[in-house]
Amino acid sequence: MSRQAGRGTESKKMYWYLPFISPSASMHLMNSELFTLTYGALVTQLCKDYENDEDVNKQLDKMGYNIGVRLIEDFLARSNVGRCHDFRETADVIAKIAFKMYLGITPSITNWSPGGDEFSLILENNPLVDFVELPDNHSSLIYSNLLCGVLRGALEMVSQHLPFQ
């Protein structure tokens, strides 16, 4: 297999946690390109199965929610994070610990609302969008909507019911 010109010899790696399998087999080092391509194949199949982008967006959110509901237990066990005292601390834990632990990235926290009850997570390097080109007929597809569902599901399990976009 040949390497593309201009690419380094080191491949990006990310830690991929599989909760509930076994303590010894729950953490795997996975090539980030494999993860990205697998997610892309999932979204492609959903686009074939559903007639419009809104249905695909709902399905990605639903899948993410189900992942988040289960992932929160693994996160709390591995991170040793205690209860957050305010919403800003929750945002910091999500950005600096959770995203780093599961996706190997640290999003920036911006756009805090004046009331401090709303913020944005900006992913400078979203690992899900490498190698992705969306066709024009999928302009309303929210490609990374799975992440919103994961956050919503995980936070609901710790009694924080929040809307995500």
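Overview of the structure. Computed from a predicted structure; not experimentally measured. (Residues numbered from 1 in each chain as written. Predicted model: local features only at pLDDT ≥ 70, side-chain atom pairs only at ≥ 80, totals over all residues. Heavy atoms only, no water.)

### As for the packing of helix H2 (residues 53-79) against helix H3 (residues 87-103)
Phase 1: At a minimum axis distance of 11 Å, the contact between H2 and H3 shows a crossing angle of 100°. Compared by their axis directions, H2 and H3 come out roughly perpendicular. Counting all contacts with H2, which are made through Leu71, Asp74, Phe75, Arg78 and Ser79, the residues of H3 involved are Val93, Ile97, Ala98, Met101 and Tyr102.
Phase 2: Along the lines of polarity and charge, the residues of the contact of H2 with H3 split into seven nonpolar, one polar and two charged. (Axes fitted to C-alpha atoms, helices over the stretch in contact; angles between N-to-C directions. Helix = DSSP H or I, 4+ residues; strand = E, 2+ residues; numbered from the N terminus. Parallel < 35°, antiparallel > 145°, perpendicular 65-115°, else oblique. Contact = heavy atoms within 4.5 Å. Nonpolar A, V, L, I, M, F, W, Y, C, P; charged D, E, K, R; others polar.)

### Thoughts on the nonpolar core
Phase 1: Grouped together as the largest cluster of nonpolar side chains are 18 residues, with contacts concentrated most on Tyr39, Val43 and Phe99.
Phase 2: Looking at this core, the elements with two or more residues in it are helix H1 (32-49), H2, H3 and helix H4 (145-157).
Phase 3: The residues touching Val43, leaving out its near neighbours within four places in the chain, are Leu60, Leu141 and Tyr143.
Phase 4: Core analysis: the second largest hydrophobic core is formed by nine residues, Leu71, Met101, Val150 and Ala154 among them. (Core = buried A, V, L, I, M, F, W, Y, C linked by side-chain atoms within 4.5 Å. Buried < 20%, exposed > 50% of the residue type's maximum accessible area, 1.4 Å probe, protein only.)

### As for the pattern of salt bridges
Phase 1: Per the stated rule, a full pass over the model turns up four salt bridges.
Phase 2: Between Asp61 and Arg152 there is a salt bridge; the shortest N-O distance is 2.5 Å. Taken together, the positions of Asp61 in helix H2 and Arg152 in helix H4 put the pair 91 residues apart, joining distant regions of the chain.
Phase 3: With relative accessibility at 19%, the residue Asp61 sits in the buried group.
Phase 4: With relative accessibility at 21%, the residue Arg152 sits in the partly exposed group.
Phase 5: Linked through salt bridges whose partners overlap, the residues forming this network are Asp61, Arg152 and Glu156. (Salt bridge = Lys/Arg side-chain N within 4 Å of Asp/Glu carboxyl O.)

### Details of the packing of aromatic side chains
Two numbers describe a pair of aromatic rings. These are the distance of the centres and the angle of the planes.
Phase 1: Counting across every chain of the model gives four aromatic pairs.
Phase 2: When the ring of Tyr39 is compared with that of Tyr143, the centres are 5.3 Å apart and the planes differ by 85°; the resulting orientation is edge-to-face. Residue Tyr39 is located in helix H1, and its partner Tyr143 is located in the loop between strand E4 (120-122) and H4; the two are separated by 104 residues in the primary sequence. Each member of the pair Tyr39 and Tyr143 is classed as buried.
Phase 3: Clustering of aromatic rings is evident, with ring pairs tying together Phe87, Trp112 and Phe119.
Phase 4: Note that Arg88 overlies the ring of Trp112, its terminal NZ or CZ placed 4.1 Å from the centroid. (Phe/Tyr/Trp six-rings, centres within 6.5 Å; stacked < 30°, edge-to-face > 60°. Lys NZ or Arg CZ within 6 Å of the ring centre and 35° of its normal.)

### Re H2
Phase 1: Helix geometry: H2 is bent most strongly at Leu71, by close to 35°.
Phase 2: Near the N-terminus of H2, the side chain that reaches the backbone nitrogen of Glu54, with its oxygen 3.2 Å away, is that of Asn52.
Phase 3: Phi turns positive one or two residues past the end of H2, at Asn80, with a value near 55°. (Bend = angle between axes of the 7 residues up to and from the residue. Polar contact = N/O pair within 3.5 Å; in protein donor to acceptor, adjacent residues only side chain to side chain.)

### Focus on the packing of H3 against H4
Phase 1: Taken N-terminus to C-terminus, the directions of H3 and H4 make an angle of 120°; their axes are 13 Å apart at the nearest point. With respect to their mutual orientation, H3 and H4 come out oblique. Regarding H3 and H4, the two cross each other, and that crossing is right-handed. Contacts between H3 and H4 involve Thr90, Ile94, Phe99 and Leu103 from the first element and Leu147, Leu151 and Leu155 from the second. (Left-handed = near helix turned anticlockwise from the far one by under 90°.)

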